[in-house]
Amino acid sequence: MHPVPLVATSRGYPETGYPVENIHFGSIAVVDAAGRLLYSSGDPDAMVFTRSALKPFQALPFMLADGPARLGLTLDELALLCASHSGEEKHLAGVQSILGKIGLDETHLECGCATPLYYDAVGLPPPAGRRWRTVHHNCSGKHSGFLAWCRLHDVPTAGYVGPGHPLQQAIRTTLAEAVQMNEENLPTGIDGCSAPNYAMPLARLAHLYARLAQGGRDARLGSVLGDLFDAMTKRPDLVSGEARTDLAWMTAGRGDWVAKIGADAVQAIGVRSAGIGIAIKVADGAVRALHPSTFSALEQLGLLDAQRRELLEPWRAPAILNARGMPAGEVRAVFTLQPG
């Protein structure tokens, strides 16, 4: 990686100004649907793990096998296949519906258990003593899609997260074809949900989202990407959750933007009307730097009208508050996108 300063955090008093305290470095790539790099900051060729930004593309083998039609999945359920959901009741009900349609239950999920993201997003403590189940994990929708592929192809569901399982081999092969890279050039890691995850140049991730935004107009995966785009943009509340950024970005986009965050400060956005994909990686994994970076990128690309600016204002320069709720500083973007 060769990152540059993306975001500065400051600390001080409003009346005397905020001296810089920390700098978060990172990279941004803006790519068109043909794969041409249009703008960048830092290193657009940096190899980055895609984390949950990969989810729509991990669903490709299932989609290419006509899985939704064969198993009767709805558009809402397709959105959950791409989700890092918050564990709200509608999310749990959707995952359980998918599992019911394939004749399995949540005991077959191999994503592990995790506290729902809802509580952190809305600033509430999780209920004391509550025990969480696998269905509460933010990746349980993706994993239900993994299990659905296994049922379609009559392969064992046990161990479906292993890199040698037929499902994961199919995902890797399909992904390599989609990004036009050799499989051996896709570094493999283990995601937080135990499934394999892949690193790729940041610009390749941006290109994937430029193509996802074009949906049915994509020459190679058109109908499949069209279905995924429609599901994500029509039900961003299922892809994300209350008070979360992907819901905010896609709501502001009014059906034109498709967005997916990834752990450790990865963000990808596809913009249909502009024919572009945007990929952002904060080098130190600081999520507090990711959202101002995303806002600034959208602003510099001329994508924020007055209504969008107002809706997304909370993410522009979030205040740093002390324990009494007093302003103690701010988080603000400091980069300028460069052509090419």
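Higher on the page you've got the structure.
Caption draft 1: Representation of the overall build of the protein chain. A tally of regular secondary structure across the protein chain gives 14 helices and 12 strands. Taking 2.2 N^0.38 as the reference for a compact globule, 340 residues should give roughly 20 Å; the C-alpha atoms of the protein chain span a radius of gyration of 20 Å, in line with that estimate. When its C-alpha atoms are laid out on the principal axes, the protein chain stretches across 65 × 50 × 35 Å. Residues counted as buried form 57% of the 340 residues belonging to the protein chain. Once local pairs closer than 6 in sequence are excluded, the contacts in the protein chain between residues at least 24 apart make up 64%. Here the protein chain has roughly 13,700 Å² of accessible surface; of this, 52% comes from carbon and sulfur atoms. In the protein chain, which carries 30 positive and 33 negative side-chain charges, the distance between the mean positions of the two groups comes to 1 Å.

Caption draft 2: The side chain of Asp 237, seen in detail. As for its placement among the helices and strands, Asp 237 is situated in helix α11 (residues 236-239). A polar atom in the side chain of Asp 237 sits 2.9 Å from the side chain of Lys 90. Among residues more than four places away in sequence, those in contact with Asp 237 are Lys 90, His 91 and Leu 247.

Caption draft 3: Structural detail: the pattern of salt bridges. Counted according to the given criterion, the structure contains 17 salt bridges. Where Arg 235 meets Asp 76, a salt bridge forms, and the shortest distance between an N and an O atom there is 2.8 Å. Pair noted here: Arg 235 is in the loop between α10 (222-234) and α11 and Asp 76 is in helix α4 (residues 75-81), with a separation of 159 residues, a long-range link. Judged by relative accessible area, which is 22%, Arg 235 ranks as partly exposed. Through salt bridges with shared partners, a single ionic network connects Asp 76, Glu 88, Lys 90, Arg 235 and Asp 237.

Caption draft 4: Molecular detail of helix α5 (residues 89-101). With 13 residues, α5 should cover 18 Å at 1.5 Å per step; its first-to-last C-alpha distance of 18 Å lies within 8% of that length. His 91, Leu 92, Gly 94, Val 95, Ile 98 and Leu 99 are the residues of α5 that are buried. Viewed along the axis of α5, the buried residues span an arc of 165 degrees, placing them on a single side of the element. Residues Glu 89 and Gly 100 are exposed on α5 and point more than 90 degrees away from its buried face. Considering only its buried residues, α5 is in contact with α4, α7 (140-152) and α11. Looking one or two residues past α5, Gly 103 carries a phi angle of roughly 75 degrees, positive in sign.

Caption draft 5: Focus on the sheet that holds strand β5 (residues 188-190). If you trace the three strands from one edge of the open sheet to the other, you get β4-β6-β5, paired in antiparallel fashion. The sheet is open, and its two borders are formed by β4 (47-49) and β5, each paired with just one other strand. Sheet twist, expressed as the average angle between the axes of neighbouring strands with direction ignored, equals 35 degrees. Inspection of the sheet shows β5 paired to strand β6 (residues 196-201) by three bridges, in the antiparallel sense. From the neighbouring strand, Thr 188 faces β6, where its bridge partner is Tyr 198. Contacts from helix α8 (residues 166-179) reach β5 and β6, with the element oriented near 15 degrees to β6. Against the sheet, helix α9 (residues 202-214) touches β4 and β6, its axis set at about 105 degrees to β6.

Caption draft 6: Seen up close, helix α12 (residues 245-253). α12 sits mainly inside the fold: eight of its nine residues count as buried. Those residues of α12 not exposed but buried are Thr 245, Asp 246, Leu 247, Ala 248, Trp 249, Met 250, Ala 252 and Gly 253. Buried residues along α12 sit against α10, α11, β7 (257-262), β8 (266-271), α13 (287-300) and α14 (306-312). Just downstream of α12, Arg 254 is the residue with a positive phi angle, here 50 degrees.

Caption draft 7: Structural context of the pairing of strand β9 (residues 276-282). For β9, a buried count of seven out of seven residues is recorded, marking the element as mostly surrounded by other parts of the structure. Of the two faces of β9, both are covered, the one formed by Ile 276, Ile 278, Ile 280 and Val 282 as well as the one formed by Gly 277, Ala 279 and Lys 281. With seven bridges joining them, strand β2 (residues 20-32) and β9 adopt antiparallel strand pairing. Within β9, the residue paired with Ala 29 across the bridge is Ala 279.

Caption draft 8: Representation of a nonpolar patch on the surface. A cluster of nonpolar side chains, contributed by Val 20, Ile 23 and Phe 25, occupies part of the molecular surface with about 240 Å² of accessible area. You can see Ile 23 is positioned in strand β2.

Caption draft 9: Geometry of the packing of α8 against α9. Axis separation between α8 and α9 bottoms out at 10 Å; the angle between their running directions is 90 degrees. One element, α8, and the other, α9, form an angle in the roughly perpendicular class. When α8 is examined against α9, the residues Leu 175, Ala 178 and Val 179 are found in contact with a partner set consisting of Arg 204, Leu 208 and Arg 211. For the contact of α8 with α9, the residue count by class is four nonpolar, no polar and two charged.

Basis of the calculations
- Residues numbered from 1 in each chain as written.
- Predicted model: local features only at pLDDT ≥ 70, side-chain atom pairs only at ≥ 80, totals over all residues.
- Heavy atoms only, no water.
- Helix = DSSP H or I, 4+ residues; strand = E, 2+ residues; numbered from the N terminus.
- Rg over C-alpha atoms; globule rule 2.2 N^0.38 Å.
- Buried < 20%, exposed > 50% of the residue type's maximum accessible area, 1.4 Å probe, protein only.
- Contact = heavy atoms within 4.5 Å.
- Areas by Shrake-Rupley, 256 points an atom, 1.4 Å probe, with all protein chains shown as cover.
- Lys, Arg positive; Asp, Glu negative; His and termini not counted.
- Charge placed at Lys NZ, Arg CZ, Asp CG, Glu CD.
- Polar contact = N/O pair within 3.5 Å; in protein donor to acceptor, adjacent residues only side chain to side chain.
- Salt bridge = Lys/Arg side-chain N within 4 Å of Asp/Glu carboxyl O.
- Expected span 1.5 Å × (residues − 1).
- Arc of directions from axis to C-beta.
- Pairing = 2+ DSSP bridges.
- Axes fitted to C-alpha atoms, helices over the stretch in contact; angles between N-to-C directions.
- Patch = residues over 30% accessible without salt bridge, like charges linked within 9 Å, V, L, I, M, F, W, Y side chains within 5 Å.
- Parallel < 35°, antiparallel > 145°, perpendicular 65-115°, else oblique.
- Nonpolar A, V, L, I, M, F, W, Y, C, P; charged D, E, K, R; others polar.

By themselves, these are just geometric observations and shouldn't be taken as functional.
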